[in-house]
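Residue strings, one per chain:
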Amino acid sequence: MSKLRIVTTLSIGLLIINILLVGFILFKRNGHPRIEGPRNIIIEKLHFDEAQVVKYDTLIQWHRKEIRQIESEIINIKNQLYSHLSTNSLADVKDSLIQEITLRQISIERIHLKHFEDIKLLCRDKQLDDYQKLTKELASYFGPGNKQKR
């Protein structure tokens, strides 16, 4: 077999493999259902109209801003806490920082609750049954591995 024939055969083989790989990637993406974020799920389950969606998007912006701010505070406090690992700090200092983190986490949960109370206020009377059903499913939307874009 000549060198030219070997190079040609290898080139054709690589071309076929590349085409199959690209096809596999494209078909795999189209074959799986698109995972919807919590926003779209809530809009769908509560049957929000356009006006409600606009108000809901405003609530989402407020919610994300508040959560980001507190999460940033938690990161700063954690940095302070972990900086004490290399020193002989008093246990009271470490406990105080842990308490500060705890208080911020409580604030986060209060913000989440207020967010869903505000969503309820967007609902019309005929949507309240759907809202009640939704509240039973909320934990699964925001649990580990289902992190929403903030």
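Residues numbered from 1 in each chain as written. Predicted model: local features only at pLDDT ≥ 70, side-chain atom pairs only at ≥ 80, totals over all residues. Heavy atoms only, no water.

(A) How the structure looks around the overall build of the protein. Check the secondary structure of the protein and you find five helices and zero strands. Of the regular secondary structure in the protein, the N- to C-terminal order runs α-α-α-α-α. The buried share among the 150 residues of the protein stands at 25%. Excluding contacts between residues fewer than 6 apart, the proportion of contacts in the protein whose partners are at least 24 apart in sequence is 67%. (Helix = DSSP H or I, 4+ residues; strand = E, 2+ residues; numbered from the N terminus. Buried < 20%, exposed > 50% of the residue type's maximum accessible area, 1.4 Å probe, protein only. Contact = heavy atoms within 4.5 Å.)

(B) Structural detail: the packing of helix α2 (residues 38-46) against helix α3 (residues 50-83). Running from amino to carboxyl end, α2 crosses α3 at an angle of 145 degrees, the nearest separation of the two axes being 12 Å. Once α2 is placed against α3, the crossing between them reads as right-handed. Seen from α2, the contacting residues are Pro38, Arg39, Ile42 and Ile43; seen from α3, they are Val53, Tyr56, Asp57 and Ile60. (Axes fitted to C-alpha atoms, helices over the stretch in contact; angles between N-to-C directions. Left-handed = near helix turned anticlockwise from the far one by under 90°.)

(C) Here's a closer look at helix α4 (residues 91-122). For α4, built from 32 residues, the straight-helix expectation of 46 Å at 1.5 Å per residue is met to within 8% by its first-to-last C-alpha distance of 47 Å. Burial in α4 covers these residues: Leu97, Ile101, Ile108, Ile111, His115, Phe116, Asp118, Ile119 and Leu122. (Expected span 1.5 Å × (residues − 1).)

(D) Inspection of the nonpolar core at higher detail. Grouped together as the largest cluster of nonpolar side chains are 15 residues, with contacts concentrated most on Ile42, Leu46, Phe48, Tyr56, Phe116, Ile119 and Tyr131. Sequence-distant contacts of Tyr56, that is, excluding residues within four places in its chain, are made with Pro38, Arg39, Ile42, Ile43, Phe48, His115, Ile119 and Leu122. Listed in part, the nine residues of the second largest apolar core include Ile67, Ile77, Leu81 and Ile111. (Core = buried A, V, L, I, M, F, W, Y, C linked by side-chain atoms within 4.5 Å.)

(E) Structural view of the pattern of salt bridges. For the structure on display, the rule yields seven salt bridges. Note that Arg124 and Asp49 form a salt bridge whose closest N and O atoms lie 2.7 Å from each other. Here Arg124 is found in the loop between α4 and α5 (128-141), whereas its partner Asp49 is found in the loop between α2 and α3, with 75 residues between them in sequence. Of the charged contacts, one joins Glu100 and Arg104 as a salt bridge, the two residues approaching to 2.6 Å between their closest N and O atoms. Of this pair, Glu100 and Arg104 both sit in helix α4, separated by four residues, roughly a single helical turn. For Glu100, a relative accessible area of 30% gives the class partly exposed. Taken together, the shared-partner salt bridges connect Glu73, Glu100 and Arg104 into one network. (Salt bridge = Lys/Arg side-chain N within 4 Å of Asp/Glu carboxyl O.)

(F) The arrangement of α3 in detail. If you check α3, its first and last C-alpha atoms are 49 Å apart, about what 34 residues at 1.5 Å a residue would give, namely 50 Å. Listed in full, the buried residues belonging to α3 are Gln52, Val53, Tyr56, Leu59, Ile60, His63, Glu66, Ile67, Ile70, Ile74, Ile77 and Leu81. Against the buried residues of α3 lie α2 and α4. Its side-chain oxygen 3.1 Å from the backbone nitrogen of Ala51, Asp49 forms the N-cap of α3. (Polar contact = N/O pair within 3.5 Å; in protein donor to acceptor, adjacent residues only side chain to side chain.)

(G) Structural detail: a nonpolar patch on the surface. A cluster of nonpolar side chains, Ile12, Ile16 and Leu20, forms an exposed patch at the surface whose accessible area comes to about 300 Å². Within the element layout of this structure, Ile12 appears in helix α1 (residues 3-31). (Patch = residues over 30% accessible without salt bridge, like charges linked within 9 Å, V, L, I, M, F, W, Y side chains within 5 Å. Areas by Shrake-Rupley, 256 points an atom, 1.4 Å probe, with all protein chains shown as cover.)

(H) Examining the environment of Ser89 more closely. Following the sequence through the fold, Ser89 ends up in the loop between α3 and α4. For Ser89, a relative accessible area of 21% gives the class partly exposed.

(I) Molecular detail of the packing of aromatic side chains. Taken as a whole and assessed by the stated rule, the structure comprises one aromatic pair. When the ring of Phe48 is compared with that of Tyr56, the centres are 5.8 Å apart and the planes differ by 70 degrees; the resulting orientation is edge-to-face. Tyr56 shares its class with Phe48; the two are buried. Here Lys114 stacks its cationic end above the ring of Trp62, 5.3 Å away from the centre of that ring. (Phe/Tyr/Trp six-rings, centres within 6.5 Å; stacked < 30°, edge-to-face > 60°. Lys NZ or Arg CZ within 6 Å of the ring centre and 35° of its normal.)

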